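# Chain and residue survey
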Amino acid sequence: MSRIASAFTAADGSRKKAFIPFIACGDPSLDVTEEAVVAMAEAGADLIELGIPFSDPTAEGPVIQEANIRALAGGVTTDDVFALVGRIRERGVEVPMVFMTYANVLFSYGLERFASAAAAAGIDGVIVPDVPHEEKPEFAEPLAACGLELVSLIAPTSHERIREIASDAAGFVYCVSSLGVTGVRSEITTDISAMVELVRGATDVPCAVGFGISTPEQAAAMAAKSDGAIVGSAIIKILAQYGAEAVPHVAEYVRAMAAAVHAA
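What comes next is a walk through the structure.

### Let's talk about the overall build of the protein chain
- If you tally the helices and strands in the protein chain, you get 12 helices and eight strands.
- Taken against the 2.2 N^0.38 rule, which gives 18 Å for 264 residues, the C-alpha radius of gyration of the protein chain at 17 Å falls within 12% of a compact globule.
- Considered along the principal axes of its C-alpha atoms, the protein chain spans approximately 45 × 40 × 35 Å.
- Of all 264 residues assigned to the protein chain, the portion counted as buried reaches 57%.
- On the protein chain, roughly 10500 Å² of surface is accessible, and the fraction owed to carbon and sulfur atoms is 51%.
- Placing the 17 positive and 34 negative side-chain charges of the protein chain at their respective mean positions leaves the two points 4 Å apart.

### Brief notes about the pairing of strand β5 (residues 149-154)
- Relative to β5, strand β4 (residues 125-127) runs parallel, the two sharing three bridges. Residue pairing for β5: Val126 is matched across the bridge by Leu150.
- Chirality of the crossover, the property in question, places the unit of β4, helix α7 (residues 136-145) and β5 among those that are right-handed.
- Examined bridge by bridge, β5 and strand β6 (residues 173-176) share three bridges and lie parallel to one another. Paired with Ser152 across the two strands is Val173, which belongs to β6.

### A word on the side chain of Asn68
- Structurally, the position occupied by Asn68 is in helix α3 (residues 62-73).
- Looking at Asn68, the relative accessible area reads 6%, which means it is buried.
- Asn68 has contacts with Ile52, Pro53, Phe54 and Pro57, leaving out every residue within four places of it along the chain.

### Regarding the packing of helix α6 (residues 111-121) against α7
- Remark: α6 packs on α7, axes separated minimally by 8 Å, with the N-to-C direction vectors making an angle of 40 degrees. It follows that α6 is oblique to α7 by the angle criterion. The handedness of the crossing between α6 and α7 is right-handed. On the side of α6, the interface is formed by Leu111, Glu112 and Ala115, while α7 contributes Glu138, Phe139, Pro142 and Leu143.
- For the contact of α6 with α7, the class distribution of residues is five nonpolar, no polar and two charged.

### Digging into the pattern of salt bridges
- Counted under the stated rule, the structure contains 12 salt bridges.
- If you follow the salt bridges from partner to partner, you end up with Arg3, Arg89, Glu94 and Asp124 in one network.

### Side note on unusual backbone geometry
- Omega for the bond connecting Asp27 with Pro28 falls within 30 degrees of zero, at 5 degrees, which places this linkage in the cis form.
- The residue Phe211 is not glycine, and still its phi comes out positive at about 80 degrees.
- For Phe211, the position within the fold is in the loop between β7 (207-210) and α10 (216-225).

### Here's the deal with the packing of aromatic side chains
- Throughout the structure, instances matching the rule amount to nine aromatic pairs.
- Ring geometry for Tyr109 and Phe114: centres 6.0 Å apart, planes at 85 degrees, overall edge-to-face.
- The exposure class of Phe114 is buried, given its relative accessible area of 0%.
- Aromatic side chains Tyr174 and Phe211 sit 5.9 Å apart centroid to centroid with 90 degrees between the ring planes, which places their arrangement in the edge-to-face category. Within this pair, whereas Tyr174 is found in strand β6, its partner Phe211 is found in the loop between β7 and α10, the two being separated by 37 residues in sequence.
- Residue Tyr174 is classed as buried on the basis of its relative accessible area, which comes to 3%.
- Here the aromatic cluster, defined as three or more aromatic residues joined through ring pairs, consists of Phe82, Phe99, Tyr109 and Phe114.
- Against the face of Tyr109 rests Arg113, its NZ or CZ located 3.9 Å from the ring centre.

### Comments concerning α10
- Those residues of α10 that fall on the buried side of the exposure criterion are Gln218, Ala219, Met222 and Ala223. In an axial view of α10, the angular spread of the buried residues amounts to 125 degrees, which keeps them on one side of the axis. The exposed set on the far side of α10, more than 90 degrees from its buried face, consists of Glu217 and Ala224.
- Where the residues of α10 are buried, they touch α9 (192-200), β7, β8 (228-231) and α12 (247-262).

### Concerning the packing of α10 against α12
- The N-to-C vectors of α10 and α12 enclose an angle of 30 degrees; their axes lie 8 Å apart at closest approach. The angle between α10 and α12 places the two elements in the roughly parallel class. Crossing of α10 against α12: the hand is right-handed. Taken together, the residues of α12 that come into contact with α10 (itself represented by Pro216, Ala219, Ala220 and Ala223) are Ala256, Met257, Ala260 and Val261.

Definitions and limits used
- Residue positions are given per chain, counted from 1 along the sequence in the order it is written.
- In keeping with the model being predicted, local features are shown solely for residues with a pLDDT of at least 70 and side-chain atom pairs are shown and tallied solely at 80 or more, while totals for entire chains, interfaces and linings include all residues.
- Water and hydrogen atoms play no part in the side-chain values, which are based on all heavy atoms of the structure.
- Secondary structure elements follow DSSP: runs of H or I no shorter than four residues count as helices, runs of E no shorter than two count as strands, and numbering proceeds from the N terminus.
- Only C-alpha atoms enter the radius of gyration, while the globule expectation follows 2.2 Å times N to the 0.38, with N the number of residues.
- Remark: exposure states derive from per-residue accessible area (1.4 Å probe, protein chains only) relative to the maximum for the residue type, with buried under 20%, exposed over 50%, and partly exposed in between.
- Only the protein chains shown count as cover for residues, and all accessible areas are computed by the Shrake-Rupley method using a 1.4 Å probe.
- Only four residue types enter the tally: Lys and Arg on the positive side, Asp and Glu on the negative side; His and the chain ends are excluded.
- Charge coordinates come from a single atom per side chain, which is NZ of Lys, CZ of Arg, CG of Asp or CD of Glu.
- Paired strands are those between which DSSP finds at least two bridges.
- A clockwise path from the first strand over the helix to the second, with the strands pointing away from the viewer, defines a right-handed crossover.
- Any two residues having at least one pair of non-hydrogen atoms within 4.5 Å are treated as being in contact.
- Only the stretch in contact is used when fitting a helix axis, every axis being a line fitted to C-alpha atoms; angles between N-to-C directions are given from 0 to 180 degrees.
- Note that the term roughly parallel is reserved for angles under 35 degrees, roughly antiparallel for angles over 145, roughly perpendicular for angles of 65 to 115, and oblique for everything else.
- Handedness of a helix crossing follows the sense of rotation of the near helix relative to the far helix, less than a right angle counterclockwise being left-handed and clockwise being right-handed.
- Classification used: nonpolar for Ala, Val, Leu, Ile, Met, Phe, Trp, Tyr, Cys and Pro, charged for Asp, Glu, Lys and Arg, polar for all others including Gly.
- We define a salt bridge as a contact between a side-chain nitrogen of Lys or Arg and a carboxyl oxygen of Asp or Glu at a distance within 4 Å.
- Side-chain rings of Phe, Tyr and Trp, where Trp is taken by its six-membered ring, are said to pair if the distance between their centres is within 6.5 Å; with planes under 30 degrees apart they count as stacked, over 60 as edge-to-face, and otherwise as tilted.
- Note on criteria: charge over ring means Lys NZ or Arg CZ within 6 Å of the ring centre, with the direction from the centre no more than 35 degrees off the ring normal.
- Summarising the geometry, the arc corresponds to the directions from the helix axis toward the C-beta atoms.

Here it is as structure tokens:
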């Protein structure tokens, strides 16, 4: 069983709900990111998404865009992020971790070189939201050669493409809850149940819902319809508010969100 699969698997082998927090590496600093990731794992996170700072994160809303800008202004590089992951693994964190990044980052670093470095650091998979399904093999193959899984995204507008995209999914399927970019939403109106039903008709790979989730009630509602909930902007807001003192606040938030998802 892959480490990503274990995030969705209970001790008895049955499927469990996973809470998946996102953090932008290097915002407000790499040291804070490291401590926050360790704290999130201890607080009940089942899988953690790590955003590699990038100048044009097209899937992200203003909150995460600004986090990327702050990290880049602080001089954070892709190599810094690889080193960060290595330190986290050296501290005994076994929770699966995946990168959220963009095609330009992989191309500029070199696909094979990126895959090798990510695997050596301890990463389990990669999410690349600006790679369409038709171009997936170009990225999936070098990643798979290093034991990494390329996570597929499915949007509310995918319709008849959902089964096609899900049919060769790896790790987990990222179901996008709403049109547009990431960010906190007061209400999620997409028919998540219908999306998940189509995914489950095409694959046994778990599906988790992201974009717009910020409260325990929203997380529980999305997890009840799928295999997990993904939260990013709400965590970045806590980091922006508290800065170097944010870690205990992040841990408290993640603990509440994980409890809600696990009870769904």
